[in-house]
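Inside the fold
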Amino acid sequence: MNIGSLLVIMAVVLLPTSQQKNQPVQTSRNLTTSLQNSNADDAKAAAQVAEKLFAAMKAKDGDAIRSLFLKDGHLVAIDKPRTGNGPSTTRVFTGDAFAKLISDSKAGDLIEEMKNPEVKVFGDMALVFGRYTFHLGTTFSHCGTNSFQLARTSEGWKIANAASTLEFDCMH
């Protein structure tokens, strides 16, 4: 075998493709996806869980919110002080408690948007995370970072755990 043939073989073996593990791909919804034992459909389905949660929050649909969580799933809210000084406070909700909090809310439309979520899929586990903004109707309320840890179930992706920072010093 000559050196040219060896280089061609090495190039074919070593050059990454978008279908190999851990290679980012851009989907039509501008999601950065890491493929590992999965495909872009898994990443899209995982990202849709966050979108469904936001739609259910806007509709104040407790049953829809509850259906997105595993039975023992949780959401942690990490509230930064409005002044920006001092430690954050932490609130922990079960999926049921979060669903009740939202469905019982007397505030206007709860509009949360995560414009460019990143999604990483690891077999039957997925991570969806990114910056978000939150509005009460048309009034800006706060921003922060969301992180959703999902588990694949026979019913599809479900929220096992979620965490969100609530920040008030935002460039929106």
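Heads up: the structure comes first, above all this text.
This one's a predicted model, so the numbers in the text were calculated from it and none came from an experiment. (Residues numbered from 1 in each chain as written. Predicted model: local features only at pLDDT ≥ 70, side-chain atom pairs only at ≥ 80, totals over all residues. Heavy atoms only, no water.)

Aromatic ring pairs: the centre-centre distance and the angle between the two ring planes describe each pair. Applying the stated criterion across every chain yields a total of 3 aromatic pairs. Three or more aromatic residues joined by ring pairs form one cluster here, namely F69, F93 and F98. The cationic tip of R82 hangs over the ring face of F168; the distance from NZ or CZ to the ring centre is 3.9 Å. (Phe/Tyr/Trp six-rings, centres within 6.5 Å; stacked < 30°, edge-to-face > 60°. Lys NZ or Arg CZ within 6 Å of the ring centre and 35° of its normal.)

Let us now look at the pattern of salt bridges. In this structure the tally under the stated criterion is 8 salt bridges. Two residues, R152 and D124, come together in a salt bridge whose shortest N-O distance is 2.6 Å. Taken as a pair, R152 in strand β8 (residues 139–153) and D124 in the loop between β6 (118–122) and β7 (125–136) lie far apart in primary sequence, 28 residues in all. A salt bridge links E155 to K158; its shortest N-O distance comes to 3.3 Å. The class for K158 is buried, based on a relative accessible area of 12%. Several salt bridges share partner residues, and in doing so they unite D42, D124 and R152 into one network. (Salt bridge = Lys/Arg side-chain N within 4 Å of Asp/Glu carboxyl O. Helix = DSSP H or I, 4+ residues; strand = E, 2+ residues; numbered from the N terminus. Buried < 20%, exposed > 50% of the residue type's maximum accessible area, 1.4 Å probe, protein only.)

Sheet analysis places strand β5 (residues 110–113) next to β7, joined by 4 bridges and oriented antiparallel. For I111, the partnering residue across the bridge sits in β7 and is H135. The pairing of β6 with β7 spans 5 bridges and is classified as antiparallel. Among the inter-strand pairings, F122 is bridged to a residue of β7, identified as M125. (Pairing = 2+ DSSP bridges.)

Another point: the pairing of strand β9 (residues 156–166). Sheet faces and side chains relate simply in a regular strand, where the side chains alternate between the two faces. Of all 11 residues that make up β9, 8 are buried, and the element is covered over most of its length. Sheet analysis places strand β3 (residues 69–79) next to β9, joined by 7 bridges and oriented parallel. Considered in β9, the bridge of F69 is made with I159. With 8 bridges connecting them, β8 and β9 associate as antiparallel partners. Note on β9: the bridge partner recorded for R152 is W157. In sequence, β8 turns back onto β9 through a hairpin of 2 residues.

Ranked by size, the top nonpolar core spans 32 residues in total, and within it L53, I65, F98, F148, L150 and I159 carry the most contacts. Put simply, the parts of the chain that give this core at least two residues each are α2 (40–59), β3, α4 (95–103), β6, β7, β8 and β9. If you tally residues by element for this core, the top one is α2, at 9 residues. With sequence-adjacent residues up to four places away left out, I159 is seen in contact with V49, L53, L68, F69, L70, G73, H74, F148, Q149 and L150. (Core = buried A, V, L, I, M, F, W, Y, C linked by side-chain atoms within 4.5 Å. Contact = heavy atoms within 4.5 Å.)

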